[in-house]
Structure formats: C-alpha cells, structure tokens
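So you can see what is in the structure, the chains are spelled out below.
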Amino acid sequence: MERSRRQSREMTADLVLAGLVAIVAVVLLYGAASLPPPRFDPLGSAALPRALAVLMLIFSAIIAGRAVLHRKSSDDEDAAMPDEDVTSAASPLRGLLILVALVVYVGALDFAHAPFVPATTAMMMVSGLVLHRADLRTGLLFGAIGLGLALALGYVFTHFLYVDFG
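All values reported here derive from a predicted model rather than from experimental measurement.

J.: It is not clear to me how the confidence of the model for the protein chain should be interpreted in this structure. Could you clarify?
T.: Caution is warranted with low-pLDDT regions, since their predicted coordinates should not be read in detail. Model confidence for the protein chain is summarised by a mean pLDDT of 81, while 84% of its residues fall at 70 or above. Between the elements of the protein chain, mean pLDDT differs from a low of 78, seen in helix α2 (residues 47–80), to a high of 92, seen in helix α4 (residues 116–131). Low confidence marks residues 83–88, where pLDDT is under 50. Its contacts with residues over four positions away, or in another chain, come to six contacts.

J.: Help me out: how do you make sense of the packing of helix α3 (residues 92–110) against α4 in this one?
T.: The relative placement of two packed helices is expressed as an angle between their axes plus a distance between the axes. Contact pair α3 / α4: the axes reach a minimum separation of 10 Å and the direction vectors enclose 175°. The angle between α3 and α4 falls in the class roughly antiparallel. Between α3 and α4, the residues in contact are R94, L97, I98, A101, L102, Y105 and L109 and F116, A119, T120, M123, V126, S127, V130 and L131, respectively. Residue composition of the contact of α3 with α4, by class: 12 nonpolar, two polar and one charged.

J.: Please clarify how a nonpolar patch on the surface should be interpreted in this entry.
T.: Together, V26, L29, V54, L55, L57, I58, F59 and I62 make up a nonpolar patch on the protein surface, roughly 650 Å² of accessible area in all. Looking at the nonpolar patch, the element that brings in the most residues is α2, giving six residues. Mapped onto the elements, L57 comes out in helix α2.

J.: Quick question: what am I supposed to make of the layout of surface pockets here?
T.: Unoccupied space between atoms shows up once a probe the size of one water molecule is rolled over them. Within this model, the largest pocket holds a volume of roughly 1000 Å³. The wall of the largest pocket is formed by 23 residues, among which L52, M56, L102, Y105 and L153 lie closest to the centre. Those elements giving two or more residues to the lining of the largest pocket turn out to be α1 (2–33), α2, α3, α4 and α5 (136–159). In terms of residue count, the dominant contributor to the lining of the largest pocket is α2 (seven residues).

J.: How should the side chain of T121 be read in this particular structure?
T.: Relative to the helices and strands, T121 resides in helix α4. We classify T121 as buried; its relative accessible area is 13%. The contacts of T121, once residues within four sequence positions are left out, are G143, G146, L147 and A150.

J.: Help me understand α3, please; the structure alone is not making it clear to me.
T.: Residue pairs spaced three or four apart in an α-helix point in one direction, given the helix's 3.6 residues per turn. With 19 residues, α3 extends 27 Å between its outermost C-alpha atoms, agreeing within 8% with the 27 Å of an ideal straight helix rising 1.5 Å per residue. Considered for burial, the residues of α3 that qualify are A101, Y105 and G107. Across the axial projection of α3, the buried residues extend over an arc of 170°, all falling on one side. Among the exposed residues of α3, those oriented more than 90 degrees off its buried face are P92 and V103. On its buried face, α3 sits against α4.

J.: It is not clear to me how the nonpolar core should be interpreted in this structure. Could you clarify?
T.: Within soluble globular proteins, side chains that are nonpolar generally end up buried alongside one another. Within the largest apolar cluster, six residues are counted, these being A101, Y105, F116, A119, M123 and A150. Of all the secondary structure elements, the ones that give two or more residues to this core are α3 and α4. Among the elements that take part in this core, α4 stands out by supplying three residues, more than any other. The contact partners of A150, leaving out residues within four places of it in the chain, are F116, V117, T120 and T121.

J.: Looking at this model, I keep getting lost on unusual backbone geometry. Mind explaining?
T.: Its identity as a non-glycine residue notwithstanding, H113 has a phi of 50°, on the positive side. With respect to the helices, strands and loops of the structure, H113 is situated in the loop between α3 and α4. Judged by its relative accessible area of 64%, H113 falls in the exposed class.

What counts and what doesn't
Residues numbered from 1 in each chain as written. Predicted model: local features only at pLDDT ≥ 70, side-chain atom pairs only at ≥ 80, totals over all residues. Heavy atoms only, no water. pLDDT = per-residue confidence, 0-100. Helix = DSSP H or I, 4+ residues; strand = E, 2+ residues; numbered from the N terminus. Contact = heavy atoms within 4.5 Å. Axes fitted to C-alpha atoms, helices over the stretch in contact; angles between N-to-C directions. Parallel < 35°, antiparallel > 145°, perpendicular 65-115°, else oblique. Nonpolar A, V, L, I, M, F, W, Y, C, P; charged D, E, K, R; others polar. Patch = residues over 30% accessible without salt bridge, like charges linked within 9 Å, V, L, I, M, F, W, Y side chains within 5 Å. Areas by Shrake-Rupley, 256 points an atom, 1.4 Å probe, with all protein chains shown as cover. Salt bridge = Lys/Arg side-chain N within 4 Å of Asp/Glu carboxyl O. 1 Å grid on protein atoms, 1.4 Å probe; cavity = no way out; pocket = protein on both sides within 12 Å on 5 of 7 lines; lining within 4 Å. Points joined across faces, edges and corners; volume = space filled by probe spheres on them. Buried < 20%, exposed > 50% of the residue type's maximum accessible area, 1.4 Å probe, protein only. Expected span 1.5 Å × (residues − 1). Arc of directions from axis to C-beta. Core = buried A, V, L, I, M, F, W, Y, C linked by side-chain atoms within 4.5 Å.

Printed below as a string of structure tokens:
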C-alpha cells in the first residue's frame, strides 16, 4: 500500500514537472515569435529560443510518458509482489544544491564574465558530485564530460550560430 502511494506521488510529481516544463516552453515559443526576422545571421535571433523550446517540449513529453508507463507496469508488479520498504534516492537537498549551482553558474557567466568552458566544466562537475556520489573518480568523470560538452557547445555556438561567449 505504501509503495503504491509513493509511486503515485512520484508519478504526480513527474507529471507536474512535465507540465511546468511544457508551459515554460510555450512561453519561450511565444516570446521568440516576437523577435525580429534575421538580417545578417543565417538562422536569426529566434532560432536558439525556438530550438530550446522544442527540446523542452520533447523532454517533457518523455518525462510524462515514462511516468505513465512506469505507473502501469508498477500496477502489474504490485499485484505479484508484496510491499517492501524502498527509500527514494531523490532528495530536496540535492534539488536545492543543483538550483544554487545553476544560479551561481549563470551569475558567473553573466556578472563575473567567467569563461564559458571552465564555468561549464565546473558546473557539470558539481552536478555530478551532487547527483551521483561525492568522490574523486566521479568528480573527474563529470569534469571530463563537462569539458567535452563545453568545448562542443562552444564550437557549435561560435561556428554555426555565430554567438561568441568570449
């Protein structure tokens, strides 16, 4: 019974998250519609917000779909398995730490004019340490992933979208 309630709460939380992400994506699409058409850039100023909004809509649909499918498969398992004490790995503290890290990251890029590659690498490293496990191996792994991601994004933004982060 407790397991079913917990799964119902998780499904509700996932569906609320998916709905909020979809709302933000629609607002982003609405805002991008009022941006002026391109004059010199090949894609225009609305390309990035529109692409981001479409990705957000796709990911919110994936989250919602997985929540519903997981709930259906859990109902079948509940009939076959007795209740067991399962603790959730999700923690409000982890979510708060990721939010603080994100605010610090954006502030460092915007106000302190931190270089994009080191700031993004550090953000990925902190995210990995918070979400996975706080040890040297995890830090190095997520730091390497962050470095590769930052270099790839920097290249794409500079050479294809003509946005230079400095």
